[in-house]
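# Report on the structure
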Amino acid sequence: MSKRFWRRFLRVIGVMVLLFGLLFAYLAWVSKINPPKVSDLSALQLQREEPDTGLYTIKNSWFRKSNSGLYEMYVEGSPYELGTVNGKLSEELVKKQEDYFSEQINKMIPSKSYLHFLKYFIGWFNRNLPENVTDEYKQEIYGVSQSASDGYTYIGTKYSRILNYHSAHDIGHALQNMMLVGCTSFGTWGNASQDSTMIIGRNFDFWVGDNFAKNKIVEFVNPSSGYKFMSVTWGGFVGVVSGMNEKGLTVTINAAKSSIPSGSATPVSLVVREIVQYAKNIKEAIAIAQKRKMFVSESFLVGSAMDNKAVVIEKTPDSFSIYDPNKNEILCTNHFQSSDFWNSEPNVEQRQNSASVYRYQRLTQLLQQNGPNTVQKTINILRDYKGVNNADIGLGNEKAVNQFIAHHAIVFEPQQLKVWVSTSPWQMGQFVCYDLNKVFALKGMKNNREIYEADLNIKADSFIYTPTFKRFEQFRMNKQLAMDGATIIPDSLVAENPNYYNSYVAAGDYYFKKKEYTKALPYYQKALTLEIATVGEKDHIESRIKKIQDSK
């Protein structure tokens, strides 16, 4: 070839390298997030103390682990102080939570080069994130981030990482429609409740690996502005996914079908945080939700002691509606119910293709069967793992109210300011009761002691002591081993959870990856005869069967 050709070729390569270099330089620039300006940084000098074994304090704020297995934390102060004290008190959990999150992301995306690219992509996607978060919450997140790990600087600064983690649910939900959140919530009041008081229950079915749910924190927050509130959270997270304030206003969230967005907006959890901190009734909750732009679609079930009712705020990136059933009960899964959104294309697709409608039907059935509701009955419903008409659809089926993946379950009695929080495993362990009036009346803590209402705790479900449950635990362990590429006996998956379609899918996939198609086929065929959670999973099974048949 001529020298002219090589000169041109090298020039083209040089231009491409330059363009890629400029692209990555641009991505690195736009992904850089500067911390907020804080006028008073004195909180950074505060040191936690241990006045009693296992009790950590900073002034009136405190942190401890309950004998229930739940961590408990009370924090007070201005935004930056709230975050800084939160981080200092729970520093070990802030670090562990990032380890667990990173570990699961590495399992889901094993390619280091793709992870490196993803870092810049998320940085670009979230380039306007700080503009959509109030200064108050940026300062609080900045305070928490001071206690973050030093081991992830390759991802970003401590502040940029912790801020971005607050939108992790939204990004996964929106960009890949990864239904990491397939929650169920409901409420009753008036004649639908046995004593006429309001009861709100929910499962937060958010799964990012089992480790992520290990260290739940029941947090009680006394901010310098707004209302005192509680929420169930985890290390380094100041948003709210399940919470109630001192006025008896509760908020829980349920993901809905979203279109792919063009850029970030306010993370859902920070919208909920603002509602529980600043709204005392449904009208004020609606006003806050309406003024914040989000980049995913979400349902907010809002219960109000003041209004003695609950509604669902339905919000998309560009639209807004209120669902009020105008009766004494309300149900919410993962599809919109208002007339404004019922026939929208994403909602129709969600209803047709997901497990949401089936789970809604089962929830309706359980409420009808149980008669006037109580806290115990609410917890029984949240623990229910059967299908419609009590069908055995296998343990872990997404169509069940209890999918055995819940980060936590929670029950509120807004008028009494009482809340019950689940303990491991999932929502099957003891539900611990807290009285917000009593917790917020504490003026600090000097001795390590339990703060829950022991006589109101709800005992663990006896199912967890049965051989069936033990086999299910073994099933989950073996399924994870198979997904990680380990050698297993596929028949054991089926034997451990015989009525679950995914047992057969997992066994079929195991053989399919090994190209042992003859062995895989009967498992896929059997799966098709069972209750399959989503259309997408059914399509996966049928496509595998077709590939096997075409290969013959």
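This one's a predicted model, so the numbers in the text were calculated from it and none came from an experiment.

Another aspect to go through is the overall build of the protein chain. Counting its secondary structure elements, the protein chain contains 18 helices and 17 strands. A fraction of 65% describes how many contacts in the protein chain between residues 6 or more apart in sequence connect residues 24 or more apart. A total of about 23,800 Å² of accessible surface is found on the protein chain, and carbon and sulfur atoms cover 52% of it.

Looking at where His166 falls in the secondary structure, it is placed in the loop between α6 (158–165) and α7 (168–175). With 102 residues separating them in the primary sequence, His166 and Val268 have C-alpha atoms 8.6 Å apart. Beyond its immediate sequence surroundings of up to four residues, His166 is in contact with Ile141, Gly236, Phe237, Val238, Gly239, Pro267, Ser269 and Leu270. Polar contacts involving the side chain of His166 include one to the main-chain carbonyl oxygen of Ile162, which spans 2.8 Å.

A separate point is unusual backbone geometry. Working note: non-glycine residues mostly have negative phi, and peptide bonds are mostly trans. Here the residue pair Ser424 and Pro425 is connected by a cis peptide bond, since its omega of 0° sits within 30 degrees of zero. Residue Asn326 is not a glycine yet carries a positive backbone phi of 55°. The topology assignment puts Asn326 in the loop between β13 (320–323) and β14 (329–332). Not every positive phi belongs to a glycine, and Phe404 is a case in point at roughly 60°. Here Phe404 is to be found in the loop between α12 (375–382) and β15 (408–413).

All right, on to the pairing of strand β17 (residues 431–435) then. In terms of burial, β17 is largely enclosed, as five of its five residues are buried. What you see with β17 is no split at all: Phe431, Cys433 and Asp435 on one side and Val432 and Tyr434 on the other are buried throughout.

What follows deals with the sheet that holds strand β12 (residues 309–315). Backbone hydrogen bonds hold the strands of a sheet together, and the pairing may be parallel or antiparallel. Here 11 strands make up an open sheet; going across it, the order is β1-β2-β3-β4-β7-β8-β9-β10-β11-β12-β13 and the pairing mixed. Pairing within the sheet leaves two strands with one partner each, and these edge strands are β1 (49–52) and β13. Strand-to-strand twist of the sheet, defined as the mean angle between neighbouring strand axes without regard to direction, takes the value 20°. Helix α8 (residues 268–278) contacts β7 (217–223), β8 (229–233), β9 (242–245), β10 (249–255) and β11 (298–304) of the sheet and is inclined by roughly 165° relative to β10.

Definitions and limits used
Residues numbered from 1 in each chain as written. Predicted model: local features only at pLDDT ≥ 70, side-chain atom pairs only at ≥ 80, totals over all residues. Heavy atoms only, no water. Helix = DSSP H or I, 4+ residues; strand = E, 2+ residues; numbered from the N terminus. Contact = heavy atoms within 4.5 Å. Areas by Shrake-Rupley, 256 points an atom, 1.4 Å probe, with all protein chains shown as cover. Polar contact = N/O pair within 3.5 Å; in protein donor to acceptor, adjacent residues only side chain to side chain. Buried < 20%, exposed > 50% of the residue type's maximum accessible area, 1.4 Å probe, protein only. Pairing = 2+ DSSP bridges. Axes fitted to C-alpha atoms, helices over the stretch in contact; angles between N-to-C directions.

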